[in-house]
Amino acid sequence: AAAASAMPLPPLAVAAAAEVKAGDVRIPKGEIVIEPASYDWPAFTNWDCVDVRGVVDWDQAYSQVMEGLIQGGAATFHLPEEIVQVLHFNAALAYEECPLGTLYFLVLYTYEMMGGMGSRDQAVIQAEMLVTHMRKFPFFIIAAARWPTYEALHHFTPLHAPQNPTAAKTTLCEGVRG
């Protein structure tokens, strides 16, 4: 293994300066260790926003979400107009009160923008903003929350399929060997 190189390591990789003992694991000098991303959340965050009432009554909003999902056996994702207004005028406060509930509604809002509610440029900006927000959470927090964020993402998966043969060939790496 080479010692220190002139090329900086990615932010999540750290080379041990000396042999380190971390619990029962020994990390030899110069070994590259991938550190988990750090998240700026308290240890016991109310991820499900139970009993949180402020700019939105999050329990009531969650009940409306679940009623919409259960109707007729087919998933129907509905973005209430009240929530759209909150996202437009009080998004920071909503995010502070209930980050995962706000994230769920941002997913729906982004797909509405992509579906023609906004211009193409607005939809791209909205999608980039959503990706930025999703990166703030460990995937297991989003997946384990009561908010059906992953269900919504899965529901809209067909929108991400290649739209023509050239895109399919490029995106799906057709003809690539290796």
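Residues numbered from 1 in each chain as written. Predicted model: local features only at pLDDT ≥ 70, side-chain atom pairs only at ≥ 80, totals over all residues. Heavy atoms only, no water.

The next subject is the side chain of Thr-110. Take Thr-110: it is sitting in helix H4 (residues 99-117). Residues within four places of Thr-110 in sequence aside, it is in contact with Gln-126, Ala-127 and Leu-130. (Helix = DSSP H or I, 4+ residues; strand = E, 2+ residues; numbered from the N terminus. Contact = heavy atoms within 4.5 Å.)

Attention shifts here to the packing of helix H1 (residues 58-70) against H4. The contact between H1 and H4 brings their axes to 11 Å, and the two run at 40°. As judged from the angle between their axes, H1 and H4 are oblique. Regarding H1 and H4, the two cross each other, and that crossing is left-handed. The segment H1 lies against H4, with Trp-58, Ala-61 and Val-65 engaging Gly-101, Thr-102, Tyr-104 and Phe-105. The residue makeup of the contact of H1 with H4, split by class, is five nonpolar, two polar and no charged. (Axes fitted to C-alpha atoms, helices over the stretch in contact; angles between N-to-C directions. Parallel < 35°, antiparallel > 145°, perpendicular 65-115°, else oblique. Left-handed = near helix turned anticlockwise from the far one by under 90°. Nonpolar A, V, L, I, M, F, W, Y, C, P; charged D, E, K, R; others polar.)

Here H1 contains 13 residues, and its C-alpha end-to-end distance of 18 Å stays within 8% of the 18 Å for a straight helix at 1.5 Å per residue. For H1, every residue scored as buried is listed here: Trp-58, Asp-59, Ala-61, Tyr-62, Val-65, Gly-68 and Leu-69. The inward-facing, buried residues of H1 contact helix H3 (91-97) and H4. Residue Asp-57 occupies the N-cap position of H1, its side-chain oxygen lying 3.2 Å from the main-chain nitrogen of Asp-59. (Expected span 1.5 Å × (residues − 1). Buried < 20%, exposed > 50% of the residue type's maximum accessible area, 1.4 Å probe, protein only. Polar contact = N/O pair within 3.5 Å; in protein donor to acceptor, adjacent residues only side chain to side chain.)

Turning our attention to a nonpolar patch on the surface. A grouping of Phe-139, Phe-140 and Tyr-150 is seen on the molecular surface, where their side chains present a nonpolar patch of about 340 Å² in accessible area. Mapped onto the elements of the fold, Phe-139 is located in helix H6 (residues 139-144). (Patch = residues over 30% accessible without salt bridge, like charges linked within 9 Å, V, L, I, M, F, W, Y side chains within 5 Å. Areas by Shrake-Rupley, 256 points an atom, 1.4 Å probe, with all protein chains shown as cover. Salt bridge = Lys/Arg side-chain N within 4 Å of Asp/Glu carboxyl O.)

Turning next to the nonpolar core. Membership of the largest hydrophobic core comes to 39 residues, with the highest contact counts inside it found for Trp-58, Leu-100, Tyr-104, Phe-105, Leu-108 and Trp-147. Those elements that place two or more of their residues in this core are H1, helix H2 (81-89), H3, H4, helix H5 (120-134), H6 and helix H7 (149-155). For this core, the leading source of residues is H4, giving ten residues. Ignoring anything within four residues of it in the chain, the contact list for Leu-100 reads Trp-47, Phe-137, Ile-141, Ile-142, Ala-145, Trp-147 and Thr-149. (Core = buried A, V, L, I, M, F, W, Y, C linked by side-chain atoms within 4.5 Å.)

Below, the discussion takes up unusual backbone geometry. Even without being glycine, Cys-49 reaches a positive phi, approximately 60°. Here Cys-49 shows up in the loop between strand S4 (32-34) and H1. A positive phi is found at Asp-51, a non-glycine position, where the angle reads about 60°. For Asp-51, the location among the structural elements is in the loop between S4 and H1.

At a minimum axis separation of 11 Å, H2 and H4 run at an interaxial angle of 100°. Considering their axes alone, H2 and H4 lie roughly perpendicular with respect to each other. Mapping the contact onto sequence places Ile-83, Val-84, Leu-87 and His-88 in H2 and Thr-102, Phe-105, Leu-106 and Tyr-109 in H4. Tallied by class, residues from the contact of H2 with H4 come to six nonpolar, two polar and no charged.

By the element assignment, Arg-53 lies in the loop between S4 and H1. For Arg-53, a relative accessible area of 53% puts it in the exposed group. Considered as a pair, Arg-53 and Ala-94 are 41 residues apart in the sequence and their alpha carbons are 10.0 Å apart. Within the structure, Arg-53 has its side chain in polar contact with the side chain of Asp-57 (distance 3.4 Å).

Let's shift gears to the side chain of Thr-102. With respect to the secondary-structure elements, Thr-102 resides in helix H4. Judged by its relative accessible area of 2%, Thr-102 falls in the buried class. At a separation of 2.9 Å, a polar atom in the side chain of Thr-102 contacts the main-chain carbonyl oxygen of Cys-98. Ignoring any residue separated from it by four or fewer positions in sequence, one finds Thr-102 in contact with Trp-58, Leu-87, Ala-94 and Tyr-95.

Interpretation note: all reported values are geometric properties and have no functional meaning in isolation.
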